[in-house]
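Next come the chains, spelled out residue by residue.
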Amino acid sequence: MEAAMDLMRRISPNQSETALSALLTLLPHHSSDLLSQVDQPLQVFTDVECAKEFILCEYNRDADSYRSPWSNKYYPTLEDGSLPSTELRKLEIEANDVFAVYRDQ
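From a predicted model like this one, the values you see are computed outputs, not experimental measurements.

### What to know about the packing of helix α1 (residues 2-10) against helix α2 (residues 16-26)
Helices that pack against each other are described as a pair by the angle of their axes relative to one another and the distance between those axes.
Argument step 1. Close contact between α1 and α2 brings their axes to 10 Å; oriented N to C, the two are set at 170 degrees. Classified by the angle between their axes, α1 and α2 sit roughly antiparallel to one another. The segment α1 lies against α2, with A4, L7 and M8 engaging S16, A19, L20 and L23.
Argument step 2. Of the residues that constitute the contact of α1 with α2, the class distribution is six nonpolar, one polar and no charged.

Okay, here's the thing in structure tokens:
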């Protein structure tokens, strides 16, 4: 594990995803430690319905799908994914609008 962490500290950021995948294959019993200690680059996905991008992260993930804050749909489609309550969804939409105005100014 110490050697794996040393390797991840020294590797180029553009190769970190490939290296992490290889280490997970080689050290499956250390997978939870590796995933919790190694920073992975952010990934972006485009919501096809709204043609807007969103970040794929643990906060909008359910199983292997990610919920778009724009359309409130999961990509790839997830039948029983958790969704925010109606009131919370309204707040999310308002927050997205406020941040868009802030970004444009």
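Structure's up, so let's keep going.
### What to know about the side chain of N60
Argument step 1. Take N60: it is sitting in the loop between β2 (52-56) and β3 (61-62).
Argument step 2. For N60, a relative accessible area of 12% corresponds to the buried category.
Argument step 3. In terms of polar contacts, N60 uses its side chain to reach the backbone carbonyl oxygen of I55, at 2.9 Å.
Argument step 4. A polar contact is formed between the side chain of N60 and the backbone nitrogen of C57, at a distance of 3.1 Å.
Argument step 5. What N60 contacts, discounting residues up to four positions off in sequence, is F54, I55, S65, Y66, R67 and Y74.

### Here's the deal with the confidence of the model for the protein chain
Argument step 1. Of all residues in the protein chain, 100% have pLDDT values of 70 or greater, and the mean over the chain is 93.
Argument step 2. The spread of mean pLDDT over the elements of the protein chain runs between helix α3 (residues 31-37), the lowest at 89, and helix α4 (residues 86-104), the highest at 97.

### Section: the environment of S36
Argument step 1. Note on placement: S36 falls in helix α3.
Argument step 2. Take S36: its relative accessible area is 58%, and that puts it in the exposed class.
Argument step 3. For the pair S36 and R9, spaced 27 residues apart in sequence, the C-alpha separation works out to 14 Å.
Argument step 4. At 3.0 Å, the side chain of S36 and the backbone oxygen of D33 are in polar contact.

### A word on the pairing of β2
Side chains on a regular strand alternate between the two faces of the sheet.
Argument step 1. Of the pairings in the sheet, the one linking strand β1 (residues 43-47) to β2 comprises five bridges and is antiparallel in character. Bridge pairing links Q43 to L56 in β2.
Argument step 2. The hairpin turn running from β1 into β2, its antiparallel successor, is four residues long, and A51 in that turn takes a positive phi close to 55 degrees.

The rules behind these values
Residues numbered from 1 in each chain as written. Predicted model: local features only at pLDDT ≥ 70, side-chain atom pairs only at ≥ 80, totals over all residues. Heavy atoms only, no water. Axes fitted to C-alpha atoms, helices over the stretch in contact; angles between N-to-C directions. Helix = DSSP H or I, 4+ residues; strand = E, 2+ residues; numbered from the N terminus. Parallel < 35°, antiparallel > 145°, perpendicular 65-115°, else oblique. Contact = heavy atoms within 4.5 Å. Nonpolar A, V, L, I, M, F, W, Y, C, P; charged D, E, K, R; others polar. Buried < 20%, exposed > 50% of the residue type's maximum accessible area, 1.4 Å probe, protein only. Polar contact = N/O pair within 3.5 Å; in protein donor to acceptor, adjacent residues only side chain to side chain. pLDDT = per-residue confidence, 0-100. Pairing = 2+ DSSP bridges.

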